[in-house]
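Residue-level structural notes
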Amino acid sequence: MTNSIPEIRDTELMFVIGSNTTEAHPIIAMEMKRAARRGAKLIVADPRAIWLSEIADLHLQLQPGTDVALLSAMAHVIITEGLVDQAFIDAHTENFEAVVEAHRDTTPEWAEGICGVPADDIRTAARMYATTDKAGIYYTLGITEHTHGTDNVYGLANLVLMTGHLGKRSAGMNPLRGQNNVQGANDAGASPVFYPGYQRVSDPAARAKFEAAWGVELSPHDGLNLNVMMKEMAAGNVKGLYVVGEDIVLSEPNAWKVEKGLNQCEFVVLQDIFLNETARFADVILPAACFAEKDGVFTNSDRRVQRVRKAVDAPGQARADWRIICELSRAVGYPMDYASPAEVYAEMASLSDKFSGISHGRIDVEGGLQWPCPTPEHPGTPTLHGDGPIRGKGAFQPISYRPSDELPDDEYPLLLSTGRTLYHYNAGTQTRRASGPMAKQGTNFIEMHRRDAKMRGLSTGDRVTVSSRRGEVEAEVWVSPRMRRGCVWMPLHFPDSLTNRLTNDAGDVITGTGEYKVCAVTVRPAAAAAAK
């Protein structure tokens, strides 16, 4: 996030796209509700009529997978109507001319034919966003989990840059991170292309620094991202897998292929707090401590590094992750002799300018700190790019619409999107073990438009089989007023009805992220129901 969560309450306009915020990020949604009550305008772009759309000034109910068309048309309006911040563009950006050329013909009428949003609504949204001073964009996996996810992000960044909504409070571009501490994991180098602090593996100077600190020779080549790793494992090219805090059988697209890869993998290690679905394939299980059983830091969506402190002892043989990793490292011949998580963080801070001023001791005294924080005296940075883009110039990226990898046809006539619900968290490793969430939502379901249900003779509560080109699962029908006709939606949380057996593992060309949000399916009454 370029900006901070508390700044949302003072914004004048929120453009929420690809984010069911009240269910996936309910605390952040509370700030959005507060801003709306105070009078802030709200634009929601989502294929479903999510709760936020009910209080929105404008709901752009686009066809799934057509975000680039929508954003390109908004850019066209802003450019052709002279709503750009030319002074900001001249002082702080580059390559704007390429974007002007790319969007010369991307009119709202053109976009309406692709995304289904009325041209007048696209114009209204573009004008509202461009002419409001404190206008912030908020997005999450509904933008990134596409084969063109990177283009979606570029399209949003182009809007921010051309309107000058960067480097000011309560504005900016704000990805809401998908899991607790996923920001911190990325910061620490849990990535195939970065060392800690977003220093590139391919950068010889960065590599030399970490080689000197760690006393080993490091590869100059990028590693494999998760989606590519799963495909290589299924092809027999990945022989061993060490899985930490992840249930890849439940969370990865095209789950049949993931299971095939795990079955032929020579050695699988799972490190987790519970036996999840991936545990069925593990050769070794390393029991880990949960958040309340260890010390360390969490970094949230707005780059705020906060302390977490041990409250209770871990059960049985469970240990904190950092201890497990250190002991494993010693066992394979590389000594890691840290005495505490504070020492681990201190080493990372010493090698990463963004975190140099942050330490456990300082957080204990002052509270959470937001990076970049380059010195112990620095107060942290709530809002990025206040003195202009950190990289020097903000780079415009021309984009062009292309369809999703798999679209409905006669055999698979419905378009499936997937996601999370309020009551369950990601793979459900924790929430499915709690009676409260299971009482509220105990089984998988498929949300359908009433006309799609009626033409198949289906009603709420009916059992159906949902099939794609990759697999099939059973679920319960939920006829919903939130859906577009021709579109269906399912959550990912239930192992006995594994939605990701349906989803497409075709990846974004840059990030490799699978296309969870668009695949073609068919729905029919389940065999048992049909027999009755």
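Residues numbered from 1 in each chain as written. Predicted model: local features only at pLDDT ≥ 70, side-chain atom pairs only at ≥ 80, totals over all residues. Heavy atoms only, no water.

Okay, the layout of surface pockets next. Considered as a void within the structure, the second largest pocket measures approximately 570 Å³ in volume. Taken together, 24 residues line the second largest pocket, and the ones lying closest to its centre are Ala24, His25, Pro26, Ile27 and Asn180. Secondary-structure elements contributing two or more residues to the lining of the second largest pocket are helix H1 (21-24), helix H2 (26-38), helix H11 (182-187) and strand E12 (296-299). In terms of residue count, the dominant contributor to the lining of the second largest pocket is H2 (three residues). Per-class residue counts for the lining of the second largest pocket are nine nonpolar, 12 polar and three charged. (1 Å grid on protein atoms, 1.4 Å probe; cavity = no way out; pocket = protein on both sides within 12 Å on 5 of 7 lines; lining within 4 Å. Points joined across faces, edges and corners; volume = space filled by probe spheres on them. Helix = DSSP H or I, 4+ residues; strand = E, 2+ residues; numbered from the N terminus. Nonpolar A, V, L, I, M, F, W, Y, C, P; charged D, E, K, R; others polar.)

This brings us to empty space enclosed by the protein. Under the defined criterion, the tally for this structure stands at one cavity of 30 Å³ or more. Computed from the structure, the largest cavity encloses a volume of approximately 30 Å³. Taken together, Asn227, Met230, Lys231, Glu252, Pro253, Lys257, Val258 and Asp505 form the lining of the largest cavity. With three residues, helix H13 (residues 226-234) is the largest single contributor of residues to the lining of the largest cavity. Along the lines of polarity and charge, the residues of the lining of the largest cavity split into three nonpolar, one polar and four charged.

A few words now on a nonpolar patch on the surface. On the surface, a cluster of nonpolar side chains totalling about 430 Å² of accessible area is made up of Tyr242, Val244, Ile325, Leu328 and Val332. Residue placement: tyrosine 242 occurs in strand E9 (residues 240-244). Residue tyrosine 242 is classed as partly exposed on the basis of its relative accessible area, which comes to 35%. (Patch = residues over 30% accessible without salt bridge, like charges linked within 9 Å, V, L, I, M, F, W, Y side chains within 5 Å. Areas by Shrake-Rupley, 256 points an atom, 1.4 Å probe, with all protein chains shown as cover. Salt bridge = Lys/Arg side-chain N within 4 Å of Asp/Glu carboxyl O. Buried < 20%, exposed > 50% of the residue type's maximum accessible area, 1.4 Å probe, protein only.)

Applying the stated criterion to the full structure yields 10 aromatic pairs. Arranged with centres 5.0 Å apart and planes meeting at 50 degrees, the rings of phenylalanine 96 and phenylalanine 396 form a pair that is tilted. Of this pair, phenylalanine 96 sits in helix H6 (residues 96-102) while phenylalanine 396 sits in the loop between strand E15 (394-395) and strand E16 (414-419), and the two are 300 residues apart along the sequence. A residue is classified by how much of its surface remains accessible, and phenylalanine 396, at 1% relative accessible area, is buried. Pairing phenylalanine 210 with tryptophan 214 gives two aromatic rings, centres 5.0 Å apart and planes at 55 degrees, and the pair type is tilted. Note that phenylalanine 210 and tryptophan 214 are positioned in helix H12 (residues 204-214) at a spacing of four residues, about one turn of the helix. The class for phenylalanine 210 is buried, based on a relative accessible area of 0%. One aromatic cluster is present, built from ring pairs that chain together Phe194, Tyr198, Phe355 and Trp371. (Phe/Tyr/Trp six-rings, centres within 6.5 Å; stacked < 30°, edge-to-face > 60°.)

Here we take up the pattern of salt bridges. Within the structure shown, the criterion is met by 32 salt bridges. A salt bridge links glutamate 145 to lysine 517, with the shortest nitrogen-to-oxygen separation between them at 3.4 Å. Of this pair, glutamate 145 sits in the loop between helix H9 (141-144) and helix H10 (149-163) while lysine 517 sits in the loop between strand E22 (514-515) and strand E23 (519-525); the two residues are 372 residues apart in sequence, bridging distant segments of the chain. Of the two residues, glutamate 145 and lysine 517, both sit in the buried class. A salt bridge links lysine 310 to aspartate 313, with the shortest nitrogen-to-oxygen separation between them at 3.0 Å. By relative accessible area, which is 43% here, lysine 310 ends up partly exposed. A relative accessible area of 61% places aspartate 313 in the exposed class. Salt bridges here are not isolated pairs; linked through shared partners, they connect Glu23, Arg48, Glu447 and Arg482.

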